[in-house]
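# Commentary on secondary and tertiary structure
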Amino acid sequence: MTIVAFVSSLVTAFAYYKYFSANEIEKASWQKFSRISFYVHAVASVLVAFSLFEIIYNHRFEYFYAYSHSSKALPVHYMISSFWEGQEGAFILWIFWNVVLGLFLIHTNKKWEAPVMIVFSLVQAFLVSMILGVVIGDLKLGSSPFILLRDATQAPIFEMNPDFIPEDGTGLNPLLQNIWMVIHPPTLFLGYASTLVPFAFLIGGLVTKRYSEWIRPALPWAIFSAMVLGMGIIMGAYWAYVTLNFGGYWNWDPVENAVYVPWLILVASIHTMITFKKSATALKTSIVLVILSFILVLYATFLVRSGVLGDASVHSFTDLGLSGQLLIYLLFFLFISVFLTIRAWKHIPTSEKEASVYSREFWVFIGATTLGLMGFQVILPTSIPAWNALVESFGGISNMAPPADQVEFYTKFQLWFGVAIALLTAVGQFFWWQKMDKKALKDALLTPYIISVVIAALVIVLAKVYDWKYMVIVVAGTFTVVANAVILSKILKKSTFKLAGGSLAHIGLGMILIGIMFSSGYSDTISINMSGLTYSNSWEDELNKEHVLLWINKPTQMKDYTVIYRGRQKKVVGIPEYVPAKILESTGNVNEAIALEDYKDFIKKGDKVNLVLEENDYFKIDYYQNEVLKFSLSPMSQFNQNMGGLISSPDSKIYFDRDLYTYVAAMNDYEDPEWKDDQFHEVSPGEQFHIADYVTYFDGAEVLNQIEGYTLQEGDVAVKAKLRVLDYDVEKKLEPTFIIRNNQVGKLPVVDNELGIKVTLDNILPEQNKFVFKVNQYQKDYVVMKAIVKPYINVLWIGSIIMLIGFTVAIFRRFDEFKKMRDKGME
């Protein structure tokens, strides 16, 4: 099917070329053949995607892709994530979205169908070539997701047994085992795919010499692409916030940057395209920006998937031998678009009128320039590994290195660019909706300026913003929100909500700026180490100071809270809350456990339950204020040898004005405990004594007639001791058993992993009425945790949603405009 998809894409490109160049008599037949070819390509592409999911879903681990990215333990939604975890699956997802968009375009825009679909088909040919896996002599074309494990590895087992199939796969990266990873990659790749649409309309316009007409059909797609790509970026940021433990949502990782930059350029192109529709200016700028946005998507793909980033990014893929193909893909479309633009440059309409400083064209140009500068300030340092690789490929030596502290490096520039964009969006909107001169501008800005200053002053005073840089951000963000709210109110009074997209998007931008400033600039770590202990010699001093050690059941003060670690929990299928891990025992089957005791109304003792990813532990942390339980959090951790140790995901308490963000940085490992030397205690029933540091009561003993899991024979004597162990506010019952059979003694000890003790009823002294208990100690359970207060982070998320709503409103408006013109036969 992969070969069919590849060949049919080339046939479609050729057929649409013939349709484009055919005379009127032959056009209908070539159009029909072109569409059939694309339908064949669409069916083949969908079948490729279906086939890959089928081998994952049915655990066909004889295939390298299924073995490398999936396992039997994964629920279905994480199997979906494993589909696009690898490079090949990600390319298939991209191919699928291009098919969907192509089918939509065929049936909505017949006038532009031929030139646009030629571009689409060529892009599809390049993408499908990435998953061909065909070897011709020394040339390897693509990397197939359908290669067998025995052909992909040199494992000795296949020499002995060529038909060997592993029992299980290696599984999905634990960091991707999150619901946001089910929806974030498809959204991002739809954004990637949709940048092709305005690019294809542009190329069609340059080829057909309709140098300006391409703007109208391309504009709604450009806005759609910016909305979807922006949504993908925000989803990725939220995934990082709820899954990773670096304490934020954006780390200026090269892969994050490679998505962020095309989005900036795309947003700039939207503004210049709208400007051209309004006043017939900025057409050449629009052409350059649309080309750049698509080429930067291809460049981002090259950076991420060629292996050139190496260790510079935690997201980058290893090189599967695709770097050459990716580079050809990039250079082919760069050459075509540059060639066509240069050829048409002198024929492209331009406005001879010089833009006044009081014109909307001037302010849009300034805004687009600022967005461009923002993008290039990020992409140039991000490209340093690629530059080094280029120099070295020609035998040179390059010692350039990416920024050591990338967060500080990029933030110090992007912060001021963000302020500039905020102010431009505030002022520019007034120029957009009415003609301005010096006096009109002064009158228009006076009211929003006064309101903004008052609101910003209140925010600065109440939130105690004392850093002058942050004061500027508050003023700029507030001014953006207020000024665009004023415009929005005027639009809604005079016109229709359909025109409100720009104002809504800009209001969202202002809120995002303020949310970023507060949540990042005023994060407050409250998990301060007051014990003086060094948790890890490998940690820097600051890390040791910013984490708190929590012993199980021991209250610990953490700023305004008293926190108590209550033990480990598991997620059980069909139960709406976490279940204590201590009452579950693995059956040996994947994700299956048996209940050792009843749990509320959900589980009865002896029930078999299905776990959701049994390797994950959820650590219950109770938060008290004034001795009243306020809430509990359950950050997740697992020890993963393949990932280099502890993998943790945070849990947060969400308030309207802040988040309390917590994660586990270290935990006790009691899988293979090293027990300390024996300690013996002779105790009479009713006495109190100490096991380790715990006050213990011996409530007496009981003769048993039967023991669960053990068969008593006639003449056996079994005695169970009843102990109550107190650990702060928790009372635990331990019941070790002593068995006598044929003058031989058997002992069934009790192990409590949380307390780190093993208690054995070692002997009974009836003449003294005493029982001898043997106690072995191990490390009591604990976690080392970090807790951060993130003020006003919800302003960021709410602003993101408002911005996306603004984009959506603008999409409907622009597509409605295009549809009306198309139905009149003008498009």
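Use the structure listed above.
In this report, we go over the structure that sits alongside the text. Everything numeric in this text was worked out from a predicted model, so none of it was measured. Numbering of residues starts from 1 in each chain and follows the order in which that chain's sequence is written. Since the coordinates come from a predicted model, pLDDT governs what is reported: local features require at least 70, and pairs of side-chain atoms require 80 or more to be given and counted, while whole-chain, interface and lining totals use all residues. Side-chain metrics rest on all non-hydrogen atoms present in the structure, leaving aside hydrogens and water.

### With respect to the sheet that holds strand β25 (residues 757-765)
Note on sheets: strands pair through backbone hydrogen bonds, and any given pair is parallel or antiparallel. Strand pairing is assigned whenever DSSP identifies at least 2 bridges connecting the two strands. A run of H or I in DSSP counts as a helix once it spans at least four residues, and a run of E counts as a strand once it spans at least two, with each numbered from the N terminus. On the basis of which strands lie adjacent, the open sheet formed by four strands has the order β17-β26-β25-β24 and antiparallel pairing. Each having just a single partner strand, β17 (679-683) and β24 (750-752) make up the two edges of the open sheet. With strand direction ignored, the average angle separating the axes of adjacent strands in the sheet is 25 degrees. Two elements, β17 and strand β26 (residues 770-777), share five bridges in a ladder whose sense is antiparallel. When the bridges of β26 are listed, F680 appears paired with K774. Between N-to-C directions, angles cover 0 to 180 degrees, with each direction set by a line fitted to C-alpha atoms, over the stretch in contact for helices.

### What about the pairing of strand β14 (residues 645-649)?
Buried means the residue's accessible area, taken with a 1.4 Å probe over protein chains only, is under 20% of the maximum for its type, while exposed means over 50%, and partly exposed covers the values in between. Among the five residues of β14, four are classified as buried, and the element is accordingly described as predominantly covered. Of the pairings in the sheet, the one linking strand β13 (residues 636-640) to β14 comprises five bridges and is antiparallel in character. Among the inter-strand pairings, S637 is bridged to a residue of β14, identified as S648.

### Some thoughts on the environment of K770
Position of K770 among the secondary structure elements: in strand β26. The contact criterion used throughout is that any non-hydrogen atoms of two residues lie within 4.5 Å. Discounting residues that sit within four places of it in the chain, K770 has contacts with E682, V683, S684, E687, I764 and L765. N or O atoms closer than or at 3.5 Å make up a polar contact, with two conditions inside protein: a donor-capable atom paired with an acceptor-capable one, and, for residues adjacent in sequence, both atoms drawn from side chains. At 3.5 Å, the side chain of K770 and the side chain of S684 are in polar contact.

### Here we look at the sheet that holds strand β8 (residues 584-586)
Reading across the sheet, the three strands line up as β8-β9-β10 and stay open at both edges, with antiparallel pairing between neighbours. Every other strand in the sheet has two partners, leaving β8 and β10 (608-610) as the edge strands with one partner each. Taken over all neighbouring pairs, the strand axes of this sheet differ in orientation by 40 degrees on average, direction set aside. The pairing of strand β9 (residues 592-595) with β10 spans three bridges and is classified as antiparallel. Bridge pairing links I594 to K608 in β10.

### Structural notes on unusual backbone geometry
One non-glycine residue, K464, lies in positive phi territory at about 55 degrees. Residue position: K464 is located in the loop between α18 (438-462) and α19 (468-494). Given the relative accessible area of 53%, K464 is considered exposed. Even without being glycine, Y792 reaches a positive phi, approximately 55 degrees. Mapped onto the elements of the fold, Y792 is located in the loop between β27 (782-791) and α22 (793-823). When its relative accessible area of 32% is taken as the criterion, Y792 is described as partly exposed.

### Regarding the nonpolar core
Buried Ala, Val, Leu, Ile, Met, Phe, Trp, Tyr and Cys residues form a nonpolar core when they are joined through side-chain atoms within 4.5 Å. In this structure, W94, W214 and F333 are the most contacted members of the largest nonpolar core, which totals 140 residues. Considering every element that reaches this core, the biggest residue donor is helix α11 (residues 215-243), with 16 residues. The contacts of F333, once residues within four sequence positions are left out, are V119, L122, V123, F126, F199, F294, I295 and L298.

### Things to note about the packing of aromatic side chains
Classification of ring pairs rests on two measures: the distance between centres of Phe, Tyr or Trp rings, Trp counted by its six-membered ring, which must be within 6.5 Å, and the angle between planes, read as stacked under 30 degrees, edge-to-face over 60 and tilted in between. Overall, the coordinates contain 51 aromatic pairs when judged by the stated rule. Each ring, one from W94 and one from Y192, has its centre 5.4 Å from the other, and the planes form 45 degrees; the classification is tilted. With W94 in helix α5 (residues 87-106) and Y192 in helix α9 (residues 180-194), this pair connects stretches of sequence that are 98 residues apart. A centroid spacing of 5.9 Å and a plane angle of 65 degrees characterise the contact between W675 and Y778, whose relative ring orientation is edge-to-face. Of the two residues, W675 is situated in the loop between β16 (658-667) and β17 and Y778 in the loop between β26 and β27; the sequence distance between them amounts to 103 residues. In this structure Y778 comes out as buried when scored by relative accessible area, which is 19%. Here a set of aromatic residues connected by ring pairs shows up, and it is made of W180, Y238, Y241, Y249, Y661, Y663 and W797.

### Comments concerning the pattern of salt bridges
The rule for a salt bridge is simple: a side-chain nitrogen of Lys or Arg has to be within 4 Å of a carboxyl oxygen of Asp or Glu. One pass over the structure, following the stated rule, counts 23 salt bridges. Here R566 ties to D729 by a salt bridge, and the two come within 2.6 Å at their closest N and O atoms. Residue R566 is found in strand β6 (residues 561-570), and its partner D729 is found in the loop between β20 (717-727) and β21 (730-734); the two are separated by 163 residues along the sequence. Owing to a relative accessible area of 18%, R566 belongs among the buried residues under this scheme. A salt bridge links R658 to D657, with the nearest nitrogen and oxygen atoms 3.0 Å apart. We classify R658 as partly exposed; its relative accessible area is 28%. Several salt bridges converge on common partners, so that one network encompasses R568, K570, D617 and D781.

So far we have only geometry, and geometry alone does not tell us how the molecule works.
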